[in-house]
Amino acid sequence: MTEQEIYANLSRKFGDKVIEFMEEGTHNPTVVVDAGAIAKIVTYLKDDEKLQFDSLMNLAGHDADVETEFSVIYHLVSTELKHYITLKVFTSRDEPKVASIANIHRTADWHERETFDLYGINFEGHPDLKRILMEDDWEGYPLRKDYVPAEFYRGMRIEKVK
Amino acid sequence: MGRLHAEEMVLNMGPQHPSTHGVLRLKLRTDGEIVSHIEPVIGYLHRSFEKHAENLEYQMITPFTGRCDYLAAIGSEHGYAMAVEKMMGIELPERVEYLRVIFAEFQRIASHLVAVGTFGLDVGAITPFIYCFRERELILDLFEMASGARLLYNYIWIGGLAHDVPPGFVEKAYEFLDAFDERVAEYNQILTGNKIFIERAADIGVMTPEVAINYGVTGPSLRASGVNIDIRRTEPYSIYDRFDFDVPLGQGLQGTIGDSWDRYYVRVLEMNESAKIIRQALDQLPVEGDVKSAIPRRIRPPKGEIYFRSENPRGELGYYIVSNGKNVPLRLKMRSPAFSNLSVINEIGQGWMISDVIAILGSLDIVLGEIDR
Amino acid sequence: MIQLLANWILSFDILSGMGNSVAWGLSLFIVAALIFVFVAANAIVLVYIERKVSAFMQVRLGPMRVGKFGTLQTVADALKLLQKEDIIPKMADKVLFIIGPWVILVASVVTFAAIPFSDTLLAANMNIGLFYVVSISSIVVLGIVMAGWASNNKWSLYGAMRSAAQIISYEIPVGITLIAVVAVVGSLNLQTMIQAQAGTGNLFHWIPIPLPNWFIFHSPFLFIAAFVYLIGATAEINRTPFDIPESESELVAGFMTEFSGLRWALFFLSEYANATLVALLVSIIFLGGWQSPFADYEGAQIGFSVITLVAIMWTLFVRAKTGRLSVYPLGLSLVITIAAWLFPGFAIWMASPGIFWMLMKAGTIIFLLMWFRWTFPRLRVDQLMYVSWKVILPLSLINLMGVAIWMWLTGEIQF
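These numbers come from a predicted model, not from an experiment.

With that out of the way, let us pick up the overall build of chain B. In terms of helices and strands, chain B carries 15 helices and eight strands. By principal-axis analysis of the C-alpha atoms, chain B measures approximately 75 × 45 × 35 Å. Buried residues in chain B amount to 65% of all 373 residues.

Next up on the list: the overall build of chain A. A tally of helices and strands in chain A yields three helices and nine strands. When the elements of chain A are put in sequence order from the N terminus, they spell out α-β-β-α-β-β-β-β-α-β-β-β. Along the first, second and third principal axes, the C-alpha set of chain A runs to 55 × 30 × 25 Å. A total of 162 residues make up chain A; the buried ones form 54% of that total. Counting contacts in chain A only where the partners sit at least 6 residues apart, residues at least 24 apart contribute 50% of the total.

Moving on, we come to the interface of chain C and chain B. In this complex, chain C contributes 23 residues to the contact, which on the side of chain B involves 34 residues. It is Tyr-158, Pro-377 and Arg-380 of chain C that lose the most area in chain C upon contact with chain B, and together they represent 24% of the buried surface on that side. Between the two partners, chain C and chain B, sit two salt bridges. The partner of Asp-356 of chain B in a salt bridge is Arg-380 of chain C, and the shortest N-O contact between them spans 3.0 Å. Inspection of the region where chain C meets chain B yields eleven residue pairs in polar contact (both at pLDDT 80 or more).

All names here are of chain C. The grouping of Trp-206, Ile-207, Ile-209, Met-401, Ile-405, Trp-408 and Leu-409 at the surface amounts to a nonpolar patch, some 760 Å² of accessible area in total. Looking at the nonpolar patch, the elements that each hand over two or more residues are strand S2 (207–212) and helix H15 (381–410). In terms of residues, the nonpolar patch owes the most to one element, H15, which gives four residues. Mapped onto the elements of the fold, Trp-408 is located in helix H15.

Another point: the interface of chain B and chain A. Between chain B and chain A, the residue contacts involve 38 residues of the former and 39 residues of the latter. Where chain B abuts chain A, roughly 3,300 Å² becomes buried across the two surfaces, and 54% of that area is made up of carbon and sulfur atoms. In this assembly, chain B and chain A are joined by five salt bridges. Measuring nitrogen to oxygen at the nearest pair gives 2.6 Å for the salt bridge that ties Glu-114 of chain A to Arg-373 of chain B. Here the side of chain B that touches chain A gets five residues from one element, more than from any other, and that element is strand S6 (residues 304–312) of chain B. Split into classes, the residues belonging to the side of chain B that touches chain A amount to 14 nonpolar, nine polar and 15 charged.

Residue and element names in this part refer to chain B. Tyr-80, Phe-103, Phe-106, Tyr-155, Phe-243 and Ile-321 are the most contacted members of the largest nonpolar core, which totals 88 residues. Here the element with the most residues in this core is helix H4 (residues 94–122); it accounts for 13 residues. Not counting chain neighbours up to four residues away, the residues in contact with Tyr-80 comprise Tyr-58, Ile-61, Thr-62, Thr-65, Ile-158, Tyr-319, Ile-321 and Leu-332.

All names here are of chain C. Buried within helix H5 (residues 129–137) we find Gly-129, Leu-130, Tyr-132, Val-133, Ile-136 and Ser-137. The arc that holds every buried residue of H5, seen down its axis, measures 160°, which confines them to one face. Next to the buried residues of H5 lie helix H4 (94–110), helix H6 (140–150), helix H7 (154–185), helix H8 (190–195) and helix H10 (261–285).

A few words on the pairing of strand S1 (residues 200–203) of chain C. Within a regular strand, side chains alternate between the sheet's two faces. All names here are of chain C. Note: S1 against S2, four bridges, orientation antiparallel. Counted as the bridge partner of Thr-200 is Pro-212 from S2. Connecting S1 to the antiparallel partner S2 that follows it, the hairpin turn spans three residues, and Phe-204 within it adopts a positive phi of roughly 50°.

This part takes up the side chain of Thr-234 of chain C. If you trace the backbone, Thr-234 of chain C turns up in helix H9 (residues 220–236). Setting aside residues up to four positions removed in sequence, Thr-234 of chain C forms contacts with Arg-239, Thr-240, Phe-242, Leu-369 and Phe-372 of chain C.

This next bit is on the arrangement of the chains. By contact count, the dominant pairing among the two pairs of chains in contact is that of chains A and B. With no contact formed, the shortest span from any C-alpha in chain A to any C-alpha in chain C equals 25 Å.

Scoring rules and cut-offs
Sequence order as written defines residue numbering, which begins from 1 separately in each chain. Whichever chain is written first is A, and whichever ligand is written first is 1; the rest continue in order. Where local features are concerned, this predicted model is filtered to residues with pLDDT of at least 70; where side-chain atom pairs are given and counted, the filter is 80 or more; whole-chain, interface and lining totals use all residues. Excluding hydrogens and water, the side-chain figures rest on all heavy atoms present in the structure. Runs of H or I in DSSP of at least four residues are treated as helices and runs of E of at least two as strands, each being numbered from the N terminus. Throughout this description, buried means an accessible area under 20% of the type-specific maximum (1.4 Å probe, protein chains only), exposed means over 50%, and partly exposed covers the range between. Note on definitions: a residue-residue contact is assigned when non-hydrogen atoms from the two residues lie within 4.5 Å. Buried area is calculated as the accessible area (1.4 Å probe) missing from two parts once they are joined, with the contributions of both summed. Here a salt bridge means any side-chain nitrogen of Lys or Arg lying within 4 Å of a carboxyl oxygen belonging to Asp or Glu. N or O atoms closer than or at 3.5 Å make up a polar contact, with two conditions inside protein: a donor-capable atom paired with an acceptor-capable one, and, for residues adjacent in sequence, both atoms drawn from side chains. Patch construction takes residues with relative accessible area above 30% that form no salt bridge. Like charges are linked within 9 Å, and nonpolar side chains (Val, Leu, Ile, Met, Phe, Trp, Tyr) are linked within 5 Å. Note on areas: these come from Shrake-Rupley sampling with a 1.4 Å probe, and a residue is covered only by the protein chains present in the view. As a working rule, the residues Ala, Val, Leu, Ile, Met, Phe, Trp, Tyr, Cys and Pro are called nonpolar, Asp, Glu, Lys and Arg charged, and the rest polar, with Gly in that last group. We call a set of buried Ala, Val, Leu, Ile, Met, Phe, Trp, Tyr and Cys residues a nonpolar core when their side-chain atoms join them within 4.5 Å. Picture the helix axis, draw a direction to every C-beta atom, and the arc is the one those directions span. For two strands to pair, DSSP has to find at least two bridges joining them.

See below:
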């Protein structure tokens, strides 16, 4: 199935939860969906006979600028039918939260933890959301565009690199 | 008779432990020798690759990618270069494509040699490890001839290669290939068919295809479960569609499909397949061609984003790159194969003994450099 | 040997005044010192040999820098270990931590007192020699548990527990296997055992192949028993493929994880002492100890001619299989054969019993142990128990019964 058809399928099924279809400016045609509905949509994509998106290739957070919203990108593939779809959700900067899909695709478990670690996006319903790459007591979320590098970590000076 | 349950003990395996293949910590909950829960703790090798990448120009990122998966640096460089090239729409000279494939496959052999050897080490066989390193040295010699480095090459640049190969390289590569099949037979003799080795690896840590796909396990570990997915075959990138090679799958020759032995043996077979690809690529290698002709003067991919995946020795290596038209990427995420491969350890390692957990970890073939990035 | 030494001391005019008991005490001390020196020197030599053997098995060179062909490497290593800092972990049980290695060392050194190296070279000719050796060497497990427990380290504890379970499990089949031999000899005295293996006879009593009267050729059951004993003993001394108590890829270093410097060296010393002990025991019990494999000088000449023939066939086989020509075994056996035919004196020396044969046999077994170590992977702990309780133990019981029946059939004993 092409991405266009999948988009049509999804918007039939989920109505206004499926916001738009982006083909311009990306090599992986993307369906933008609602952050709260992502779990339902991914479940549908996984379970539907004609779609069978059983594998989550990648889950990445993204922060375009200091003022824009955060986004989370899901790259899904069907190992059986060999088709692809990319999903994207936007979430507000002040209170970033996205529904967790860790119980649907176990891949998402660590990837969501990583995204939480680096962007501070709260994945609701994640079984064990905690930092994964950074230290447990690290302050701030390093990949946010407005992140200011800490000067000290546990009394140790962090060297500034130009 | 029921099993006697005693108090559970938490055992910290790592960060300093000989069999964690780097700086990994596994929190094991053990009941006697039986492990009831495994919690991997990662991040000890975190070097902020993605944060660095957001502050570096595209061409400056290449050496950083190699440092992520230090056992297969060419694989990382190749994937990154291809992702950026696809964004910019660069057409490569034939010779560059062939040389890249040759090096990528040599790197696959070298990486699998380490995987196979260290797996032997994990179950207590020391000698095969040294044999594997003997061949790896010869491959590293070839890399040294071409790039001047033995581990981290910075050889594949965006749009080309750092240097053309020196004269005599092709002959030496052929020489290596001629001896290689015999050497693989030697490993099979000393390790693969060993009764104790089979006892230790077969039926241990069986990973069903459903579990493997659900956890995002890729590469040889996935194919050992019988899932026929090799990105070189299913969506050929570079020039992989021109070569004739098989995709070895786990067949459960000594036990169940998807056990540790299968994961080991798929790697052994893949080495032979890689050698086959290299031989074909060397046969077809165009004599003429400037490897630097397609390197762009300014690397500024047009505004947009891409998720590009390629087959690393450890599995699917994906780069998610967002460009805003400047010479510095807005976002670069590396989807590292070992990251997902490691996450499955609790699922398949539960209920086995401590020794088995080490064997299972070894059969997954992780590199902490790319897990922690 | 002690009495001999005492007499020899008293034979000097200057020393004759010291009295018999003092001389006896002095010679006791000298013999004890000699045994310890033997164990220490033996460990240094064996470490070097092990490193070289493993290197050649792994297409490397091994130590090459210190001394010619690296011969002084282990001496240098031993010196380094002596001057290393002795660390006792803060939370360790200090007393046990200090005693542990010494218990292991003492237990493994003391066993050598009963080992006959030749017909006169033996510290104590005990009538319960075999029993003594087996029981004393099992004290090692106490030391290992002490060391593992005292380290206050989970890995050490695992190593100690595994080791205790393993050594105790394997002692049973090993003991029963030894009883089969004792049944044949009718004595626990190791010297008597060796003397019972003198001369030549037919293979398994009936098959007309002239072979030495060693117990390994006594009956099919003892032939199997020899291998059962070798496997069991390998497990008892914690060597690969049964080295799970110190498996470096799993338990870091098992019970010796927390030890350093001299204390660690003691473990190493006793490890090699144990390996040597097992090799000596195998050669005493099954391979005729210090007996020569040849009955007389003609036997030596013919025997070596046969060995040369085997060497030729082996060389041709290797040549056909791998395309490589390895001439060392052939050359060595050829030289010895020619020497044996040219100089009857040499052949007579070959046919006479002595410490040379003892060390040759023990050396072969030690090489075998090294060969195991550098080619086999390691068994898992439950598989190890499986081998002990479900394979080796029944086999050793069958052997014991079989040996008794065999002796009745061949008329060695009557009911």
